[in-house]
Amino acid sequence: MNKKIGFVGLGIMGKPMAINIKNAGYELSVFDRHKENIEDLTKIGAIARSSPADTARNSDITITMVQDSPQSLEVITGNNGIIEGASVNDLVIDMSSIEPEISKSIAKKLLDKKINFIDAPVSGGEPFAISGDLAIMAGGNTKDFDNAKPIFDIVGKSSVLCGDHGAGNVTKLANQIIVAANIHALSEALVLATKAGVNPEIIFEAIKGGLAGSNVMNAKAPMMFNRNFDPGFRIELHYKDINNAMSTAKSLGVPLQVTANLQQILSSLMQSGKGKNDHSAILHYVESLSGVEVKK
């Protein structure tokens with residue numbers, strides 16, 4: 001508990017995670033590009049810092065939660081980045097969802113300066129970030145994972161060391177492929193049910209306890225037939241993850257047919273202005289093909 005924690009990136013996911021860390025009793029330094037996000041944390045006793053470097057300079061463990069690979073590179077290894085403020089043997093935890101090869105690159109740059117690193121993306125969206133029930137997928141070594149574990153136990157309900165640097169983000173890409181494919185399949189099933197004149201809510205109740213049941217179905221089916229597409233996890237973020245999956249697959253020479261189709265679906269939704277909607281709005285794409293609206 002005597003370790004000082006820094007947190008860079010106080011957006012839809014980062015802010016509730018930082019709040020949970022502060023409420024657990026840690027001394028917390030914070031930085032975000034948006035001053036109002038910092039103010040929300042200083043109200044509960046966090047210390048505002050002027051930059052990622054300043055945050056790391058006053059922390060033993062610095063956590064980042066930003067949008068994508070370029071942002072992670074910027075706040076960790078860029079000008080006035082964490083690498084300029086962290087001390088030897090400090091730990092940097094990037095909990096952003098980014099390309100695995102970028103995580104490896106960041107790790108090398110930090111390790112060259114004897115600064116430790118873990119990539120630790122999360123799954124669960126804003127609701128689980130608020131409740132502290134995120135699933136955490138880590139890449140790094142056992143010593144650093146053990147050092148990070150008390151923090152992981154605050155922000156998440158599970159944390160698994162998946163392998164060396166980059167393995168956390170490989171695991172996250174696998175997770176995002178499965179989640180998006182589930183939502184797409186669920187959308188098609190409920191559109192079929194609606195077109196056939198069967199109440200989609202009853203379909204959900206009938207099958208959720210069987211082999212087709214999943215956490216994705218439990219979370220997203222009610223949103224669909226209640227026409228609630230307020231974001232827990234936005235289309236634009238899932239599109240970013242699927243793009244990263246396809247980029248990684250290309251670099252490895254791995255054909256991913258379902259993922260390629262999901263990329264096109266999400267691209268279509270982005271072009272139609274639905275990027276800010278919850279990823280359950282994949283339903284809109286399926287509905288648009290059939291002229292059917294899923295509802296109770």
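Predicted model only: the values in this text are computed from it and were never measured.

## Here's the deal with the packing of aromatic side chains
Inspection of every chain in the model, using the stated rule, returns 2 aromatic pairs. For the ring pair Phe145 and Phe152, a centre distance of 5.9 Å and an interplane angle of 50 degrees mean the geometry is tilted. Comparing Phe145 with Phe152, the two get one shared label, buried. Both rings, one in Phe204 and one in Phe225, keep their centres 6.0 Å apart while their planes meet at 55 degrees; by these two values the pair is tilted. A residue pair is termed long-range when its members are at least 10 positions apart, and Phe204 in helix H10 (residues 200–207) and Phe225 in helix H11 (residues 215–225) qualify at 21 residues.

## Description of the packing of helix H9 (residues 167–195) against helix H12 (residues 235–252)
The interhelical angle for the contact between H9 and H12, taken along N-to-C directions, is 120 degrees, at an axis separation of 9 Å. Taken together, the axis directions place H9 and H12 in an arrangement best described as oblique. For H9 against H12, the interelement crossing comes out left-handed. Between H9 and H12, the residues in contact are Lys172, Leu173, Gln176, Ile177, Val179 and Ala180 and His238, Asp241, Ile242, Asn244, Ala245 and Thr248, respectively. Here the contact of H9 with H12 is composed, by residue class, of 6 nonpolar, 4 polar and 2 charged.

## Section: the environment of Phe229
Here Phe229 lies in the loop between H11 and H12. Sequence separation between Phe229 and Ile282 is 53 residues, and the spatial gap between their C-alpha atoms is 9.9 Å. Discounting residues that sit within four places of it in the chain, Phe229 has contacts with Met223, Met224, Asn277, Asp278, Ser280, Ala281, Leu283 and His284.

Each value, and the rule that gives it
- Every chain begins its residue count from 1, and numbering advances along the sequence as written.
- Given that this is a predicted model, residues contribute local features only at a pLDDT of at least 70 and side-chain atom pairs are listed and counted only at 80 or more, while totals for whole chains, interfaces and linings are drawn from all residues.
- In computing side-chain values, all of the structure's heavy atoms are included and hydrogens and water are not.
- Between 30 and 60 degrees the pair is tilted, below 30 it is stacked and above 60 it is edge-to-face, where a pair is any two Phe, Tyr or Trp rings, Trp via its six-membered ring, whose centres lie within 6.5 Å.
- Accessible area is worked out with a 1.4 Å probe on protein chains only. A residue is then buried under 20% of its type maximum, exposed over 50%, and partly exposed in between.
- Strands here mean DSSP runs of E at least two residues long; helices mean DSSP runs of H or I at least four residues long; both are numbered from the N terminus.
- Comment: axis = line fitted to C-alpha atoms, over the contacting stretch for helices; angle = value between 0 and 180 degrees taken between N-to-C directions.
- Here the angle decides the label: under 35 degrees means roughly parallel, over 145 means roughly antiparallel, 65 to 115 means roughly perpendicular, and every other value means oblique.
- In this scheme the handedness of a crossing depends on how the near helix is turned from the far one: anticlockwise by less than a right angle means left-handed, clockwise means right-handed.
- Residues are treated as being in contact if the distance between any of their heavy atoms lies within 4.5 Å.
- Just so you know the grouping, Ala, Val, Leu, Ile, Met, Phe, Trp, Tyr, Cys and Pro go in nonpolar, Asp, Glu, Lys and Arg go in charged, and all remaining residues, Gly too, go in polar.

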